[in-house]
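# Observations on the model geometry
What follows is the residue order along each chain.
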Amino acid sequence: MTQEVRIGVGGMSCASCVARVERAIARAPGVASATVNLAAGTAVVRYDQATVPALLDAVRSAGYEPVLESVTFGVGGMTCASCVARVERAIQAVPGVIEATVNLGTESATVSYLPATVSPERIAQSIRAAGYEPATPEQRTETDETRKAQELRRLKSDLRVAASLTLPLLLISMGPMVVPGLDALMAKLAPKGLWAWLELVLATPVLFWSGRRFLARGLTELRHLSPGMDSLVMLGSGAAYLYSLLALTLPGVFPAGTVHLYFEAAAVIVTLILLGRYLEAVAKGRTSQAIRRLVTLQPKTARIIGPDGEIEIPADAVVPGDVIQVRPGERIPVDGTLTEGGSRVDESMISGEPVPVRKDPGDAVIGGTLNQTGSFRYRATRVGAETVLAQIIRLVEDAQSGKPPIQRVADRIAAVFVPLVMLVALVTFAVWLWLGPQPALSYAFVAAVSVLLIACPCAMGLATPTAIMVATGRGAALGILVRNGAALETLARVDTLVLDKTGTLTEGRPALVALHAYGMEKDTALALTAAVEHHSEHPIAAAVVADAKARGLTLPEVAQIEAEPGFGIQGQVGEQRIAVGARRWMERLAVSLDAASEVAERLGAEGQTPIYVAADGRLIAVLAVADPIKAGSREAIAQLRALGLEVGMLTGDGRRTAEAIARQVGITRVLAEVLPADKAAEVKRLQAEGRRVAFVGDGINDAPALAQADVGIAIGTGTDIAVEAGEVILMQGDLRGTAAAIALARKTLRTIRINFFWAYAYNVALIPLAAGVFFPLTGWLLNPMLAAAAMSVSSLFVVTNSLRLRRFGQATQGSRQLAAK
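Residues numbered from 1 in each chain as written. Predicted model: local features only at pLDDT ≥ 70, side-chain atom pairs only at ≥ 80, totals over all residues. Heavy atoms only, no water.

### Details of the pattern of salt bridges
For side chains of opposite charge, pairing can occur when their charged atoms come near one another. Throughout the structure, instances matching the rule amount to 22 salt bridges. Among the salt bridges present, the one from R46 reaches E4, with a minimum N-O distance of 3.4 Å. Residue R46 is found in strand β3 (residues 42–47), and its partner E4 is found in strand β1 (residues 3–10); the two are separated by 42 residues along the sequence. We classify R46 as partly exposed; its relative accessible area is 37%. Among the residues examined, E4 registers a relative accessible area of 40% and is labelled partly exposed. Salt bridges linked by common partners bring E646, R669, E682, R685, E689 and R691 together as one network. (Salt bridge = Lys/Arg side-chain N within 4 Å of Asp/Glu carboxyl O. Helix = DSSP H or I, 4+ residues; strand = E, 2+ residues; numbered from the N terminus. Buried < 20%, exposed > 50% of the residue type's maximum accessible area, 1.4 Å probe, protein only.)

Written out as structure tokens, the structure reads:
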């Protein structure tokens, strides 16, 4: 059957562009015709066997980019994995949809589509036609919490009605069996037939009012030939009610001994499942607290400095360049650079670290962080969706809406599970009716209803998304951002970690790490050295000057500066001629280095660069400049090795320096003198050995290696977050976050596996019990009411088990806070 699709094509500018795109599409297998319109920027393609992704590839092969868009809808009314599969099928059936990913935990659908072919409204219509309620991104942002709160209130109200009617119904139907004398008392009060009619009166509102959601959605599911949880509940409770209604009004149509009332079973089934849904909704609400907490950090207003003084405006109205006043105790509205004043700012929402950071003019400040002690002004640089907080929220939302591979397998299983259960229930009914003891119809009915209720796939649908939601939210609180659920699963499986050196293990900038003076005080030697180095632009010179200023030293005036590139620099300081430089500079100036030979050799062995200082031809000091190891790097390597990972280091530095750094942090596998372009090849070589590799780098010059690795972990800080190339991002630049990220990923995957084990083992174990397989040996036959209760318990177990991830890292964080104090 021929189909038609419209593809937006970007980059076309002339008739030859049109011809090139048309030829490229026409060559794709299965294409009947392709017509490209330059003015509209679209290609209309008619095809019979081709796929839309193949058509998009054809456009790209011509050198142009197809216009794709993505939209996320809220989807109300989903309850299980079958609902997820049904919504995905409905969306993917719409012409122009490229991909649809539906997440039960976040109650959302993320859709990639061709805007030239289909609109978000059309996609929303397909969701509504499948029996669910869509919300556009704008509606979702505005009403998501309101909708969930209203649904919770409705569930609570329906549960109250159901419980208030079910309890007396249970007393009437079951009470005479367990309460001595109640049977006689009831007989005195009213005839037995009247009590039976009262059961009908009590059960009807429970089923048709409190349980209306199950009936409506169950009918929709069956009408679309895609049965799910609500179909099972509808069939189970509806069968119990209908059987009882016929037994009450037309008892003569039933075989002798099979006239029994199951009104209480129908009512209890609805009540218990409502109770489970209510508790599940409360628990699921807690899984997305991380996002809500991040959103509330963004201030609603900002105090900008205008020509007439301070003006308070909505934070959304701030534009780059505005100067904003922030007082003690206020949150910073948007990202910017401090221009006046100073303070300490609590950036724990970004870094996970509790210690406030000192901010002075020129320092960057981040929107949503909390100003503590001082008042300052700053100039806005990033606003709206460009702020770090907005990017974090977007990353966490994307991670929570994505699907790791383990969930896709579960979705495929769940899609066939419910029809299979209905078949098992039908077979169970037939076998009991054929082989069961008398009254066979009653036994067959009870067993079939129990099978329908016990096998609900609700727990399967919640197993992965709830764990991913809690884990990514907890990770964000600890300064660990995960771009998608697949990265979290892959990270849990890595066995080899490769680290970049500069900026990852080390600070990434040279610093003065040692000073040995000969014949004078260290501070005097440093002041003389810094005075001369102040006139050099070399990074090593900058490190020396910075250290001298940090010590509060006064630098003397220097005259007659002479610099020799590659050797050193010298100048006149008072009566002395001060020379600073490498060994070859001292040798050229005929300065004896015998007094420092042992020190220089030791410094070189430690990977440090010795710098010599002479005064009037006499050695007065040896300084060592190196890229210092980051605080926490040694501890991080120890933690990674404790996790069973093989840790290696890649660097462009010389082997001697690289091995010295590796020895200090505890790394045994070192690859030195590797060019940035070759880092990806080294990662690929490790993968060829069968290893699952994570690469940790700064995310800019290490981008090829980050992309090649199974998981790229970018060491980033604050405002650099937007340019990081990793799938996992450590906001605080602390390597210990890598060990925490891997430990969190492993715990998350273990939680998902436990969830799946419970969901599947529960069904495998209890479906035979519900079907009555053990009845001939033990006399066990599951009551439908117990089946409904057990089904709800399985879902609650999965959600509460996932919520345990919220406690991840609390002990470590507590110890860091104590250390900071």
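So much for the structure itself; the text now carries on.
### With respect to the pairing of strand β26 (residues 646–650)
For β26, the buried fraction is high: 4 of the 5 residues fall into the buried class. One ladder, built from 5 bridges, connects strand β19 (residues 496–500) with β26; its direction is parallel. The partner of V498 across the bridge, within β26, is G648. Across 3 bridges, the pairing between β26 and strand β27 (residues 669–671) is parallel. Along β27, the bridge assignment pairs G648 with R669. (Pairing = 2+ DSSP bridges.)

### Side note on unusual backbone geometry
For residues that are not glycine, phi is negative in most cases, and the peptide bond is trans in most cases. One non-glycine residue, A590, lies in positive phi territory at about 60°. If you trace the backbone, A590 turns up in the loop between α21 (583–588) and α22 (597–605). Within the chain, D616 stands out as a residue other than glycine whose phi angle is a positive 55°. Mapped onto the fold, D616 is located in the loop between β24 (609–615) and β25 (618–626).

### Description of helix α8 (residues 212–223)
In an α-helix, one turn spans 3.6 residues; hence positions three or four apart end up facing the same way. An ideal rise of 1.5 Å per residue puts 16 Å on 12 residues; α8 measures up with 16 Å between its terminal C-alpha atoms. Within α8 the residues assigned to the buried category are R213, F214, L215, R217, G218, T220 and E221. Trailing α8 by a residue or two, L225 shows a phi angle of about 55°, which is positive. (Expected span 1.5 Å × (residues − 1).)

### Structural notes on the packing of aromatic side chains
For the coordinates displayed, the defined rule picks out 6 aromatic pairs. Relative to Y241, the ring of F208 lies with its centre 5.3 Å away and its plane at 80°, an arrangement referred to as edge-to-face. Taken as a pair, F208 in helix α7 (residues 192–210) and Y241 in helix α9 (residues 229–249) lie far apart in primary sequence, 33 residues in all. Judged by relative accessible area, which is 45%, F208 ranks as partly exposed. Arranged with centres 5.7 Å apart and planes meeting at 70°, the rings of Y241 and F263 form a pair that is edge-to-face. Placement of the pair is Y241 in helix α9 and F263 in helix α10 (residues 263–287), with a sequence separation of 22 residues. Looking at F263, the relative accessible area reads 0%, which means it is buried. By the ring-pair criterion, three or more aromatic residues cluster together here, those being F208, Y241 and F263. The ring of F567 carries R588 above its face, with NZ or CZ at 4.1 Å from the centroid. (Phe/Tyr/Trp six-rings, centres within 6.5 Å; stacked < 30°, edge-to-face > 60°. Lys NZ or Arg CZ within 6 Å of the ring centre and 35° of its normal.)

### Things to note about the sheet that holds β3
Neighbouring strands of a sheet are bound in pairs by backbone hydrogen bonds; such pairs are parallel or else antiparallel. Here 4 strands make up an open sheet; going across it, the order is β2-β3-β1-β4 and the pairing antiparallel. The open sheet has two edge strands with one neighbour each: β2 (31–37) and β4 (65–67). Going across the sheet, the axis of each strand differs from the next one's by a mean of 35°, ignoring polarity. By the bridge criterion, 6 bridges tie β1 to β3 in an arrangement that is antiparallel. Looking at β3, one finds that V5 is bridged to V45. Those strands touched by helix α2 (residues 52–61) are β1, β2, β3 and β4, and its axis lies near 135° from that of β4. (Axes fitted to C-alpha atoms, helices over the stretch in contact; angles between N-to-C directions. Contact = heavy atoms within 4.5 Å.)

### Thoughts on the nonpolar core
Judged by nonpolar contacts, the single largest core of 51 residues is most densely connected at L491, L499, I637, I667 and I713. Among the elements that line this core, the one with the most residues is helix α27 (residues 736–771), at 8 residues. (Core = buried A, V, L, I, M, F, W, Y, C linked by side-chain atoms within 4.5 Å.)

### Comments concerning the confidence of the model for the chain
Within the chain, residue pLDDT values average 79, and 84% of them lie at 70 or more. No element of the chain has a lower mean pLDDT than helix α30 (residues 810–820), at 45, and none a higher one than strand β11 (residues 323–326), at 92. A low-confidence stretch, residues 718–723 (pLDDT under 50), is modelled with 16 contacts involving residues beyond four sequence positions or located in other chains. Low pLDDT, under 50, characterises residues 813–821; the stretch is placed with 10 contacts to residues that sit more than four places away or in other chains. (pLDDT = per-residue confidence, 0-100.)

### Some details on the sheet that holds β27
Ordered by their spatial adjacency, 7 strands build an open sheet running β18-β30-β29-β28-β19-β26-β27, and the pairing between neighbours is mixed. Two strands in the sheet have a free side with no partner beyond their single neighbour: β18 (480–482) and β27. Direction aside, the axes of adjacent strands within the sheet are offset by 20° on average. Bridge analysis of strand β29 (residues 711–715) against strand β30 (residues 728–730) gives 3 bridges, and the strand direction is parallel. Counted as the bridge partner of I713 is V728 from β30. Sheet contacts for helix α17 (residues 485–493): β18, β29 and β30; angle to β29, the most-contacted strand, approximately 100°.

### Here's the deal with the packing of helix α3 (residues 81–92) against helix α4 (residues 120–129)
Here α3 crosses α4 at 140°, and the two axes come no closer than 9 Å. By the angle between their axes, α3 is oblique relative to α4. With respect to the hand of their crossing, α3 and α4 are arranged in right-handed fashion. Contacts between α3 and α4 involve V87, A90 and I91 on the former and, on the latter, I123, S126 and I127. Here the contact of α3 with α4 is composed, by residue class, of 5 nonpolar, 1 polar and no charged. (Parallel < 35°, antiparallel > 145°, perpendicular 65-115°, else oblique. Left-handed = near helix turned anticlockwise from the far one by under 90°. Nonpolar A, V, L, I, M, F, W, Y, C, P; charged D, E, K, R; others polar.)

### Considerations on the UniProt feature "transmembrane region" (unreviewed entry) in the chain
UniProt records the feature "transmembrane region" (unreviewed entry) at residues 161–182, 194–211, 232–254, 260–279, 413–435, 441–464, 756–775 and 781–799, using the numbering of this structure. Within the segment residues 194–211, helix and strand shares are 94% and 0% respectively, and the terminal C-alpha atoms sit 25 Å apart. (UniProt positions renumbered as here; feature names shortened; annotations may be inferred.)

### A closer look at the pairing of strand β9 (residues 301–306)
Sheet topology note: the β9/strand β10 (residues 309–314) ladder contains 6 bridges and is antiparallel. Note on β10: the bridge partner recorded for G306 is G309. Where β9 folds back on β10, the antiparallel hairpin that results is connected by 2 residues.

### Things to note about the packing of α22 against helix α24 (residues 655–665)
Viewed as axis vectors pointing N to C, α22 and α24 meet at an angle of 75°, and their least axial separation amounts to 8 Å. Accordingly, the angle class assigned to the pair α22 and α24 is roughly perpendicular. Side by side, α22 and α24 meet where E601, G604 and A605 of the first sit next to R656, A660 and R663 of the second. Residues of the contact of α22 with α24, tallied by class, amount to 2 nonpolar, 1 polar and 3 charged.

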